[in-house]
Amino acid sequence: MNCKHVQDLLPLYAGGDVEEKTAEILAGHLRACVECSRLAGEYRETTQMMQQLAPPQFSESVYSGIRKRVLLEIEPKAAPSLSGRIDGFFRPKHRLAFAAGLLLVTGMFAFYFISFGDSETPQIADGRAADRTADKQRTDQISAPPDLDKETEAPEAFPDAARSIIPPQGKVTKQRTGRADKRKTQAVARFVTEKPAAPDKPDFPVTDRPAPSQTLAVSPKSRVPEKTLRMELQTNDPNIRIIWFADLQANKNSGN
Amino acid sequence: MALAVELQLPINALTQNHTSLGRLIERAVAGDTEAFEQIMIYSQQRVLAMTWRMLGNEADARDAAQEVFLRIFKYLKRYDQNRDFFAWVYSLTVNVCRDFASRAAKQGVQFSSLDDGLETFDLPSEQDNIYIEIQRTQQLDLIAMAIASLPQKEKAAIVLRDLEGFPTEEVADILRSSPTTVRSQISSARRKIKIYCDQYLNRKERRAL
């Protein structure tokens, strides 16, 4: 091995990066060659200097500053964002639960509209609920006083009037559970002395009694003079009610 | 081994993954930032030392170290547990430093060079301790600047081999290259560094004497 070959290998030899056999050959040459030996010494010196090259001692504040900046950068990525949460919600395992819930809600709405959708709006239904309470009170008034039936009979002065107003098919029983198209003839006569209900509320007593009698109700505690008859005619339109007052005493006097 | 003592690192961490490190990696992959901070604490000295050696100044070294940790976090899920963790970290570090250097080259910025006022100096007498310390400091500065003048691939190879102390085969693994290529890069780098130092250590003049 001549000097040129040896000098080419000296950088690796100085760092111990040649094979053992090659190193032995090089060592033999260096023992004999002064120039190659001097060069080998310089390479070794440079390599040793490199190995002593230590970085400066960085303070803890330098390290903590780097960590702080890195954490500031990665924390938004580590925490799931709003879009990430939405994506996570629509993962396969959550997707099935969401679909089931949606189906259930849809089914409930469908059931509700099939049952009530073509009859009334919820507001009307609420109004009916209030009416049921009022009707119940009214029915109690009809059935409670034993002498009330006597008073609720049509006055003798108007037997024909009451019958002619009420159509034969004018059944008013259980109308609140029926549909709007079943309420055909609600023109009824009521002899009442109490304050009439609001015009937008159907005012039909719910009872199984025969039509003429069930449409008559006279409050014994009426403020209207007893000799005054008040007759209400409820048309098919719940907003239209005909109220007629008659002075019974005057009729009797004229009849006499 | 000497490097581990110098950097005050756990010795076994140089060559193999620690069990606790494996758990920390798993937690960090799951999004645990505290675990990732522990990983940073565990590797910060090596990363910053490597970036400083590759880039030659503290400001760039800090920025590069930050970028290294961001890449570690980004690619941690791809990390193969069978591979040495620090070899993988060094691989990312070398890539980041290359990016920094190429970016600086495009912007016309040069990292530390010998033209910063360093002039030729004679070796002081070994009998004077003060001058021995000065001589050592100057030599280290000279070596640092010589390394800074190397091409990126040779620089990475020589830093990993001579400064970080990795065997040639591990350097090849980190650089994703062959041992033969790495050996060639190391040889070329050492030759250039010696030539560089010859200019300032007056070796030729000393030879003439």
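Anything mentioned here points back to the structure above.
Let us look at the structure shown here. Everything numeric in this text was worked out from a predicted model, so none of it was measured.

Per the secondary structure count, chain B includes ten helices and zero strands. Starting at the N terminus and ending at the C terminus, chain B contains elements arranged as α-α-α-α-α-α-α-α-α-α. Split into buried and exposed, the 209 residues of chain B put 38% on the buried side. Considering only contacts within chain B whose residues lie at least 6 apart along the sequence, 63% involve residues at least 24 apart.

Before going further, it helps to examine the pairing of strand β3 (residues 241–247) of chain A. Residue and element names in this part refer to chain A. Taken together, the seven bridges between strand β2 (residues 228–234) and β3 define a ladder with antiparallel strand orientation. Residue L229 lies in a different strand from β3, and its bridge partner there is A246. Where β2 folds back on β3, the antiparallel hairpin that results is connected by six residues.

This part takes up the interface of chain B and chain A. Across the contact, 35 residues belong to chain B and 29 residues belong to chain A. Looking at the side of chain B that touches chain A, the elements that each hand over two or more residues are α3 (33–55), α4 (58–75), α6 (129–148), α7 (152–163) and α9 (179–201) of chain B. Of the residues forming the side of chain B that touches chain A, the biggest block, nine residues, is contributed by α3(B). Along the lines of polarity and charge, the residues of the side of chain B that touches chain A split into 16 nonpolar, seven polar and twelve charged.

Residues and elements named next belong to chain B. The residue R176 is not glycine, and still its phi comes out positive at about 55 degrees. If you trace the backbone, R176 turns up in the loop between α8 (168–174) and α9. By the C-beta count within 10 Å, which is 9 here, R176 ends up exposed.

Moving on to the environment of L21(B). Residue position: L21(B) is located in helix α2 (residues 19–29). With 17 residues separating them along the chain, L21(B) and Q38(B) place their C-alpha atoms 8.8 Å apart.

On to the environment of Q48(A), then. Residues and elements named next belong to chain A. Mapped onto the elements of the fold, Q48 is located in helix α3 (residues 34–52). Taking the number of C-beta atoms within 10 Å as the measure of exposure, Q48 has 14 and is therefore partly exposed. A sequence separation of 33 residues divides Q48 from G15, and the C-alpha atoms of the two residues are 8.8 Å apart.

Reading the values: rules and limits
- Residues numbered from 1 in each chain as written.
- Chains lettered and ligands numbered in written order.
- Predicted model: local features only at pLDDT ≥ 70, side-chain atom pairs only at ≥ 80, totals over all residues.
- Helix = DSSP H or I, 4+ residues; strand = E, 2+ residues; numbered from the N terminus.
- Buried ≥ 20, exposed ≤ 12 C-beta atoms within 10 Å, placed from the backbone.
- Contact = placed C-beta atoms within 7 Å.
- Pairing = 2+ DSSP bridges.
- Nonpolar A, V, L, I, M, F, W, Y, C, P; charged D, E, K, R; others polar.

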